[in-house]
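# Breakdown of the fold
The residues making up each chain are set out below.
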Amino acid sequence: MYMKCGSIKDGSRIFKNMMERDYVSWNAIIVGFAQNGYGEEALEIFRKMLACGEKPDHVTMIGVLCACSHASLVEEGRLYFSSMTKNHSLILEKDHYYYMVDLLGQAGCLNEARNLIETMPMNPNAVVWGSLLAACKVHGEIEMGKHAAEKLLEIEPWNSGPYVLLSNMYAEVGRWGDIVRVRKVMRQQGVIKQLGCSWIEVQKKVNVFLAKDKRHPHKNQIYSVLKMLTKQMKLARYISNANDFEVYDEQRKSELRSWIMDGCYCRVI
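First, a word on scope: everything that follows refers to the structure included in this document. (Residues numbered from 1 in each chain as written. Predicted model: local features only at pLDDT ≥ 70, side-chain atom pairs only at ≥ 80, totals over all residues. Heavy atoms only, no water.)

### Considerations on the overall build of the protein chain
Check the secondary structure of the protein chain and you find 13 helices and 2 strands. Split into buried and exposed, the 269 residues of the protein chain put 38% on the buried side. Taking contacts inside the protein chain between residues at least 6 apart in sequence as the whole, the part at least 24 apart equals 55%. Summed over all atoms, the accessible surface of the protein chain reaches about 16,700 Å², with 54% contributed by carbon and sulfur. (Helix = DSSP H or I, 4+ residues; strand = E, 2+ residues; numbered from the N terminus. Buried < 20%, exposed > 50% of the residue type's maximum accessible area, 1.4 Å probe, protein only. Contact = heavy atoms within 4.5 Å. Areas by Shrake-Rupley, 256 points an atom, 1.4 Å probe, with all protein chains shown as cover.)

### Thoughts on helix α1 (residues 8-16)
Burial in α1 covers these residues: Ile8, Gly11, Ser12 and Phe15. Taken end-on, α1 shows its buried residues confined to a sector of 95°, consistent with a single buried face. Contact partners of the buried residues in α1: α2 (23-35) and α3 (39-51). (Arc of directions from axis to C-beta.)

### As for unusual backbone geometry
The backbone of Ser72 shows a phi angle near 55°, a positive value even though the residue is not glycine. A relative accessible area of 48% places Ser72 in the partly exposed class. You will see that Gln203, though not glycine, has its phi angle at about 55°, which is positive. Summarising the element assignment, Gln203 is placed in the loop between β1 (197-202) and β2 (205-210). Here Gln203 falls in the exposed class, since its relative accessible area comes to 77%.

### A few points about the pattern of salt bridges
The full count for this structure, using the stated rule, is 9 salt bridges. The closest approach of N and O atoms between Lys137 and Glu172, which form a salt bridge, is 2.8 Å. Linking Lys137 in helix α8 (residues 126-139) with Glu172 in helix α10 (residues 161-172), this pair joins segments that are 35 residues apart in sequence. In this structure, Arg175 engages Glu143 in a salt bridge whose closest nitrogen and oxygen atoms are separated by 3.8 Å. Of this pair, Arg175 sits in the loop between α10 and α11 (176-189) while Glu143 sits in helix α9 (residues 142-155), and the two are 32 residues apart along the sequence. A single salt-bridge network, built from bridges that share partners, covers Glu143, Arg175, Asp178 and Arg181. (Salt bridge = Lys/Arg side-chain N within 4 Å of Asp/Glu carboxyl O.)

### Overview of the environment of Arg181
Mapped onto the elements, Arg181 comes out in helix α11. A sequence separation of 14 residues divides Arg181 from Ser167, and the C-alpha atoms of the two residues are 9.3 Å apart.

### Regarding the environment of Asp213
For Asp213, the location among the structural elements is in the loop between β2 and α12 (219-235). Expressed as a C-alpha distance, the spacing of Asp213 and Leu195, which sit 18 residues apart in the sequence, is 9.4 Å.

### Looking at the side chain of Ser25
Take Ser25: it is sitting in helix α2. Ser25 gets classed as buried once you look at its relative accessible area, which sits at 10%. In this structure, Ser25 is in contact with Phe15 and Met18, ignoring residues within four places of it in sequence.

### A word on the packing of aromatic side chains
Within the structure shown, the criterion is met by 5 aromatic pairs. Ring centres 5.5 Å apart and planes at 85° place the aromatic pair Phe46 and Tyr80 in the edge-to-face group. Highlighted residues: Phe46 in helix α3 and Tyr80 in helix α5 (residues 74-86), separated in sequence by 34 residues. Tyr80 shares its class with Phe46; the two are buried. With centroids separated by 5.5 Å and ring planes inclined at 75°, the aromatic side chains of Phe81 and Tyr97 adopt a geometry described as edge-to-face. Here Phe81 is found in helix α5, whereas its partner Tyr97 is found in helix α6 (residues 94-106), with 16 residues between them in sequence. The pair Phe81 / Tyr97 is uniform in exposure class, with both members buried. Positioned above the aromatic ring of Phe15 is the side chain of Arg21, whose terminal nitrogen or guanidinium carbon lies 4.2 Å from the ring centre. The ring of Trp26 has Arg21 lying over it, and the distance from NZ or CZ to the ring centre is 5.6 Å. (Phe/Tyr/Trp six-rings, centres within 6.5 Å; stacked < 30°, edge-to-face > 60°. Lys NZ or Arg CZ within 6 Å of the ring centre and 35° of its normal.)

All quantities given are derived from atomic positions and should not be read as evidence of function.
Written as structure tokens, this is what we have:
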């Protein structure tokens, strides 16, 4: 419970004071450390678990691979991943593949990540392809990102996420024609981009905010603060990255209009 709530110190204290530990308690502390970003600590606990003669199960290895991903330990991740079948007689599941793909993707090992996906003994799910797509976005691998997006859309054709990420990748290299084509496909498929949403609880009341929300009761104060922050960012010479449809609309509208006027596309977006 403490680890799930992010109370690392309390969770660690209780674990250390336990007279007896079973695989459930070992798993709880390993996964807890890993999911809270303490990769090295999670792996140290895992090594102690093995030294105590406790056998890991599939949940243990999810925590271990998650820890490797958070700590960017690629080589260790490869070893632990292969040890599941070789040393611990465990069957690899989709979650294990996801964390391994995520680890490889973060490290820029995109070809290895793609090969791993394509050799999975089960059909890759949307989470696995989404992880590769996100990695392609980070590392600017547009063609592989397009392939991942296509695979993801075969599973979730209603999902706007792949379209958005692919459009962002095109925007970063100035491929405005491809952005137009992505938007055209979205309209044809009836896909609508999901609005960004955030929320915060203040005095036991949850306040929800949507992108471009004009209905919030405190919208005037919110947009006033937003304008002030925008002004401060401009004074600091901050340059926003064209990584979303809205940013693309504001910053590249003139470029896209001139591209349309050249006869490449007949409808104004």
